[in-house]
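# Descriptive analysis of the structure
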Amino acid sequence: MEGSQQAETLAEKVDMEKSPPGWKILLTEILRDKIALISLILVVSIMAFVYGVSLFLSQDEIVTVDLFAIHEAPSSDFWLGTDYGGRDIFGQLIIGTRNSLTVGIAVTAISGFIGITLGVIAGYFGGTIDNILMRVVDFFFVLPNLLIIIVFIVIVPQYTIFSFVLIMSIFAWMGIARIVRSKALKERELDYIKASRTLGSSHTKIIFKELIPNLSSIIIVTMTLNLAANIGIESGLSFLGFGFPESTPSLGTLISYATNPTTLEQRWWIWVPASILILVLMLCINNVGQALRRATDAKQRRG
Amino acid sequence: MSILTINNLKVHYPIRGGLFRRKIDVVRAVDGLSLELQRGETYGLVGESGSGKSTTGRSIIGLEEITEGEITFEGQNLSELRYRDRKEYYKDIQMVFQDPYSSLNPKKRVKDLIAEPIRNFENRSKEEELKRVQELLEIVGLSPEVTYKYPHEFSGGQKQRLGVARALALNPKLIIADEPVSALDVSVQAQVLNFMKKIQKDLNLTFIFISHDLGVVRHMCDRIGIMYNGRFVEEGTAEDVYENPQHIYTKRLVAAIPDIDPENRKEQAAFRRQVKEEYKETEHNYFDENGSVFDLKPVTDTHYVALP
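Residues numbered from 1 in each chain as written. Chains lettered and ligands numbered in written order. Predicted model: local features only at pLDDT ≥ 70, side-chain atom pairs only at ≥ 80, totals over all residues. Heavy atoms only, no water.

Along its length, chain A carries 14 helices and zero strands. Ordered by position from the N terminus, the helices and strands of chain A form the series α-α-α-α-α-α-α-α-α-α-α-α-α-α. In terms of overall dimensions, chain A has C-alpha extents of about 80 × 50 × 40 Å along its principal axes. Intrachain contacts of chain A at a sequence separation of at least 6 include 71% that bridge at least 24 residues. Entry remark: accessible area of chain A is about 15,300 Å², with carbon and sulfur atoms responsible for 68%. Each charge class in chain A can be summarised by its mean position, and for the 23 positive and 24 negative side chains these summaries are 13 Å apart. (Helix = DSSP H or I, 4+ residues; strand = E, 2+ residues; numbered from the N terminus. Contact = heavy atoms within 4.5 Å. Areas by Shrake-Rupley, 256 points an atom, 1.4 Å probe, with all protein chains shown as cover. Lys, Arg positive; Asp, Glu negative; His and termini not counted. Charge placed at Lys NZ, Arg CZ, Asp CG, Glu CD.)

Written out as structure tokens, the structure reads:
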């Protein structure tokens, strides 16, 4: 009893000398890099604002056509004017950003989960398993994914955010799987993995406690950069007309109004805010991603 | 009774090539090695790079697939057991790795590093576990204050001590030290080696000491096996090998040990020249027509040499 108490006080004393854990290094790196810091604050506040405000807006109400308010310029009633259906652009912008972000985050999460799982398995076990999984990855890479997504959207009559996320995720996991696999292949040759084996740890335990913590930095960086890319792909598809229908606004649908020359020249309020927003979001997420990438490589760190 | 017996161990790696990646040849990393180890002794495995000494060590602990042969630990043939059953025996065999920089997980704190084997094999409460970790740190001469540090905050010698502490955590009977000091500078080498000798005496450990540093091996080992191309060329007590080398390969190795005493400089140079002459004249007598080593033949009770 006395012994354990002693150990406890000892633990308390030495607790204060804990060295900085990984996330603190990430944080200092971002704090040092002013551009990344501003970007992070911007992204977080845009997200908070969009998700917060959209709680008070009703999507059905906003997308309802109002024939008495077609193409109105910004005013106190309609902060950012209205489109050809008399629908409030400000409301569409908020809901659209929310939809785009949700799609981007969900696709990143799902494709990340698939990619990390397969990448870690391929890299850790290597050999035949690696060979088979990498051929599957190659197969998915050669598929013309844009074409398949478009065909899917044409065939399925009533697609929702959920099915759109699924179809995009199916074609987005290969990149992260390859990156994670290559890093896992490198890590698995290091002695600490072999040491764990000789100390009696099982494969599952080694993967979760030894391998994945050492891959975490590259996973965080890739996921962040993927997030920007996935938001872009969603907007791109919507712009082409293969994304969400007009009843589900997104950043892409708003920008696609600019394909009408009159709108492009005379009704800037419809497409300019959405374009700026998507530009700012992509740039900021990329900046944060770059700072995270630097933080994971001690040689490039600024802190 | 001997603690570990190796009987005709072979570890071959396939070389694949041609159509359908057929097995066209094999690399004979270890090719027919037999060895008996008594409890409490230190056995030195010596040889040049690629002579199969590390492969031997790794196959004892199960990191390499054995092509042929038996490894018997305390009367139990390890290669017959499946992984799950083998685990119990591996509790008694531990390894100290060559590179202290890569053998410790950089993301784990010292406490978790050393507690890993304890968590795998013993059921202890948090306090008991912490107490055991700090006990082990004390054995290897580190203060308990380092419990919550990361490996990169230590010097090479301290890291190697952490590796030793981890290997000691389960009170093993046999420790395989794979060039435990070759990555360290000389002053730290002495520190780690003397410390290993001390714990051997205190805890009655058996060591297999893999090294290519002949000075270190002489300092540490009771018996020595000299390896070449996956086979023993000479085996005997430290005295047999150093004072009375019989095989030309061993003679050349012993002649290559540097002596810093300037008094003996001329004699040393003469001795080296003499061994070189002998090597030129008699080399073909010691190897068969394929260039591989003969089987061991007893010279005295303890001394075995591979002669035709």
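The next thing to look at is the side chain of His 12 of chain B. Residues and elements named next belong to chain B. Of note, His 12 is situated in strand β1 (residues 2-17). In terms of polar contacts, His 12 uses its side chain to reach the side chain of Asp 31, at 3.1 Å. Sequence-distant contacts of His 12, that is, excluding residues within four places in its chain, are made with Val 26, Val 27, Arg 28, Val 30, Asp 31 and Thr 67. (Polar contact = N/O pair within 3.5 Å; in protein donor to acceptor, adjacent residues only side chain to side chain.)

On the surface, a cluster of nonpolar side chains totalling about 400 Å² of accessible area is made up of Val 65, Leu 67, Ile 70 and Tyr 84 of chain A. Here Tyr 84 of chain A lies in the loop between α4 (59-62) and α5 (89-125). (Patch = residues over 30% accessible without salt bridge, like charges linked within 9 Å, V, L, I, M, F, W, Y side chains within 5 Å. Salt bridge = Lys/Arg side-chain N within 4 Å of Asp/Glu carboxyl O.)

Once that is clear, we can look at the sheet that holds strand β4 (residues 68-73) of chain B. All names here are of chain B. If you walk across this open sheet you meet the four strands as β2-β1-β4-β5, and the pairing is antiparallel. Among the strands making up the open sheet, the edge pair consists of β2 (22-38) and β5 (76-77). Taken strand by strand, helix α1 (residues 53-61) contacts β1, β2 and β4, and its axis lies near 110 degrees from that of β1. (Pairing = 2+ DSSP bridges. Axes fitted to C-alpha atoms, helices over the stretch in contact; angles between N-to-C directions.)

What follows concerns the domain arrangement of chain B. All names here are of chain B. Domain boundaries in chain B define domain 1 (40-65 + 81-229) and domain 2 (245-308). Taking both sides of the interface into account, the surface hidden between domain 1 and domain 2 amounts to around 610 Å²; carbon and sulfur atoms contribute 77%. Three residues, Leu 214, Ile 226 and Tyr 228, lead the burial of domain 1 against domain 2; their summed loss comes to 75% of the area buried on that side. Here domain 1 is connected to domain 2 by zero salt bridges. Summed over the shared surface of domain 1 and domain 2, the number is one residue pair in polar contact (both at pLDDT 80 or more). A per-class count over the side of domain 1 that touches domain 2 returns four nonpolar, one polar and one charged. (Domains from an automatic or database assignment. Buried area = accessible area lost by both parts, 1.4 Å probe. Nonpolar A, V, L, I, M, F, W, Y, C, P; charged D, E, K, R; others polar.)

We now examine the pairing of strand β7 (residues 174-178) of chain B. Working note: regular strand, side chains alternate between the two faces of the sheet. Residues and elements named next belong to chain B. In terms of burial, β7 is a largely internal element, five of the five residues being buried. Burial of the side chains of β7 extends over both faces: Leu 174, Ile 176 and Asp 178 are buried on one face and Ile 175 and Ala 177 on the other. Examined bridge by bridge, strand β6 (residues 93-96) and β7 share four bridges and lie parallel to one another. By the bridge assignment for β7, Ile 93 is matched with Leu 174. As judged from the five bridges shared by β7 and strand β8 (residues 206-211), these two strands associate in the parallel manner. Counterpart to Ile 176 in the pairing with β8 is Ile 208. Crossover handedness for the path β7 to helix α6 (residues 186-203) to β8: right-handed. (Buried < 20%, exposed > 50% of the residue type's maximum accessible area, 1.4 Å probe, protein only. Right-handed = clockwise from strand over helix to strand, strands pointing away.)

Residues and elements named next belong to chain B. A sheet is described by the order of its strands in space; here eight strands give the open sequence β6-β7-β8-β3-β9-β10-β12-β11, paired in mixed fashion. Each edge of the open sheet carries a strand with a single partner, namely β6 and β11 (296-298). In this sheet, neighbouring strand axes are inclined to one another by 20 degrees on average, regardless of whether the strands run parallel or antiparallel. Relative to strand β9 (residues 223-228), strand β3 (residues 42-47) runs parallel, the two sharing five bridges. Looking at β9, one finds that Leu 45 is bridged to Gly 225. In this fold helix α5 (residues 156-168) packs onto β6 and β7, with an angle of close to 175 degrees to the strand it touches most, β6.

With that settled, consider the layout of surface pockets. The space that makes up the second largest pocket amounts to roughly 920 Å³. Forming the boundary of the second largest pocket are 30 residues, of which Arg 197 of chain A together with Gly 62, Leu 63, Glu 64 and Glu 65 of chain B lie nearest the centre. Looking at the lining of the second largest pocket, the elements with two or more residues in it are α5 and α10 (191-198) of chain A together with β1, α1 and α2 (83-90) of chain B. Residues of the lining of the second largest pocket, tallied by class, amount to 14 nonpolar, eight polar and eight charged. (1 Å grid on protein atoms, 1.4 Å probe; cavity = no way out; pocket = protein on both sides within 12 Å on 5 of 7 lines; lining within 4 Å. Points joined across faces, edges and corners; volume = space filled by probe spheres on them.)

Judged by nonpolar contacts, the single largest core of 52 residues is most densely connected at Ile 114, Leu 137, Leu 162, Met 196, Phe 209 and Ile 224 of chain B. The leading source of residues in this core is α6 of chain B, at six residues. Formed jointly, this core draws a minimum of three residues from each of two domains, domain 1 (40-65 + 81-229) and domain 2 (245-308) of chain B. Counting residues in each nonpolar core, the second largest holds 28 residues, with Ala 195 of chain A together with Val 30, Leu 35 and Leu 174 of chain B among its members. (Core = buried A, V, L, I, M, F, W, Y, C linked by side-chain atoms within 4.5 Å.)

Glancing now at the packing of aromatic side chains. Tallying each qualifying case throughout the model produces seven aromatic pairs over all chains. Ring centres of Tyr 124 of chain A and Phe 125 of chain A lie 4.9 Å apart, and the angle between their planes is 85 degrees; this geometry places the pair in the edge-to-face category. A relative accessible area of 7% means that Tyr 124 of chain A is categorised as buried. Assessed through its relative accessible area of 33%, Phe 125 of chain A is described here as partly exposed. Residues Phe 140 of chain A and Trp 173 of chain A carry aromatic rings whose centres are separated by 5.3 Å and whose planes lie at 65 degrees to one another, so their mutual orientation is edge-to-face. Here Phe 140 of chain A, found in helix α6 (residues 127-142), pairs with Trp 173 of chain A, found in the loop between α8 (161-170) and α9 (174-188); they are 33 residues apart in sequence, far enough to count as distant. Just as Phe 140 of chain A is buried, Trp 173 of chain A falls in that class too. Members of the aromatic cluster, joined through ring pairs, are Phe 139, Phe 140 and Trp 173 of chain A. For Arg 161 of chain B, the ring lying beneath its charged end belongs to Phe 195 of chain B, and the centroid distance is 5.6 Å. (Phe/Tyr/Trp six-rings, centres within 6.5 Å; stacked < 30°, edge-to-face > 60°. Lys NZ or Arg CZ within 6 Å of the ring centre and 35° of its normal.)

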